[in-house]
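So the chains spell out like this:
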Amino acid sequence: MKIKLIYFNFPFWRAEISRISLFYGNIPFEDVRISSDDFAHVKATGTLPDGTVIPTKALPCLSVDGVSFCQTGAIARFCGKLSGLYPNGNNVNCALIDQVIDICTDMTNCISYPINTEGEANRKSFRESLFEKDGKLSKNLESLDSIVERQNCTTKDALFFIDDNLSLGDLAIWGIVKWLKSGVVDFIPTSLIDNYSHLNGIFNSVSKISRIKEWQDKKH
Ligand SMILES: N[C@@H](CCC(=O)N[C@@H](CS)C(=O)NCC(=O)O)C(=O)O
């Protein structure tokens, strides 16, 4: 099977969940990182300059033996099935993981500036509204934190979302927490995520895994 994972050259969770899943599972893949010129070509034609189809003209995109598909969740599940990080046969655990990926997607979408939000002051007040008491980001973080808490893993040494084992659910949470801690999201304080102890528990457990450290040493 010839797998190409196409994204930009940065470690955002939408791509990292699948890149790391394949790396963790020792599944060979081409880690394609495109330039802004290549992305302009995608926007204009729906393909990369080498002809690879990008069906939604947005990334990530996975090409498997010449068949391309987009959407973070679909790609992550495909990669997770290959690498053993998405359950095979336990539909409840699959749905629990899907729920996490969908919340991470909602969170990512809610942070994007709405059309016509121009100027520093408007952008600042938009982003600040997200983490007020009932702001969209706060609500998503609270939901995710309580979902992890309900999984009842908090007394274990290492905190993983499903059955004491690493899964796509952990990689999604790790990626989102890393992003919010990194300071790259304008007007969202990096300390915000400190309020969510269960999410930090997962983040710390995943960060300690040697294969994850190896990936970061190589690629970040
Ligand atoms: N629904 C898609 C959204 C993908 C998306 O918005 N990707 C961003 C990069 S993180 C992108 O390609 N933005 C450029 C654009 O849409 O023009 C998913 O879940 O993967």
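Residues numbered from 1 in each chain as written. Predicted model: local features only at pLDDT ≥ 70, side-chain atom pairs only at ≥ 80, totals over all residues. Heavy atoms only, no water.

1. Structural notes on the domain arrangement of the protein
By domain assignment, the protein separates into domain 1 (3–83) and domain 2 (91–219). In this structure, domain 1 and domain 2 have C-alpha centres spaced 21 Å apart. The junction of domain 1 with domain 2 conceals about 1800 Å² of combined surface from both sides, 73% of it contributed by carbon and sulfur atoms. Among the residues domain 1 hides against domain 2, the three largest losses belong to Trp13, Ile20 and Phe23. Together they make up 40% of the total. Across the contact surface, domain 1 and domain 2 share two salt bridges. A salt bridge links lysine 219 to aspartate 31, with the nearest nitrogen and oxygen atoms 3.0 Å apart. The set of elements that each furnish at least two residues to the side of domain 1 that touches domain 2 consists of helix 1 (13–24), strand 2 (30–34) and helix 3 (72–83). Looking at the side of domain 1 that touches domain 2 element by element, the count peaks at nine residues for helix 1. Of the residues in the side of domain 1 that touches domain 2, the class split is eight nonpolar, four polar and six charged. (Domains from an automatic or database assignment. Buried area = accessible area lost by both parts, 1.4 Å probe. Salt bridge = Lys/Arg side-chain N within 4 Å of Asp/Glu carboxyl O. Helix = DSSP H or I, 4+ residues; strand = E, 2+ residues; numbered from the N terminus. Nonpolar A, V, L, I, M, F, W, Y, C, P; charged D, E, K, R; others polar.)

2. Comments concerning the site of the ligand
Taken together, Tyr7, Phe8, Arg14, Phe39, Lys43, Ala58, Leu59, Pro60, Gln71 and Thr72 make up the full set of residues near the ligand. In this structure, a nitrogen atom belonging to the ligand sits 2.6 Å away from a side-chain N or O atom of glutamine 71. The contact in question runs from an oxygen atom of the ligand to an N or O atom on the side chain of threonine 72, over 2.7 Å. Out of a free accessible area of 510 Å², the ligand has 66% covered by protein chains. For the shell around the ligand, the elements supplying multiple residues, two or more each, are strand 1 (3–8) and helix 2 (36–45). Split by residue class, the shell around the ligand holds six nonpolar, two polar and two charged. (Near = heavy atom within 4 Å. Polar contact = N/O pair within 3.5 Å; in protein donor to acceptor, adjacent residues only side chain to side chain. Areas by Shrake-Rupley, 256 points an atom, 1.4 Å probe, with all protein chains shown as cover.)

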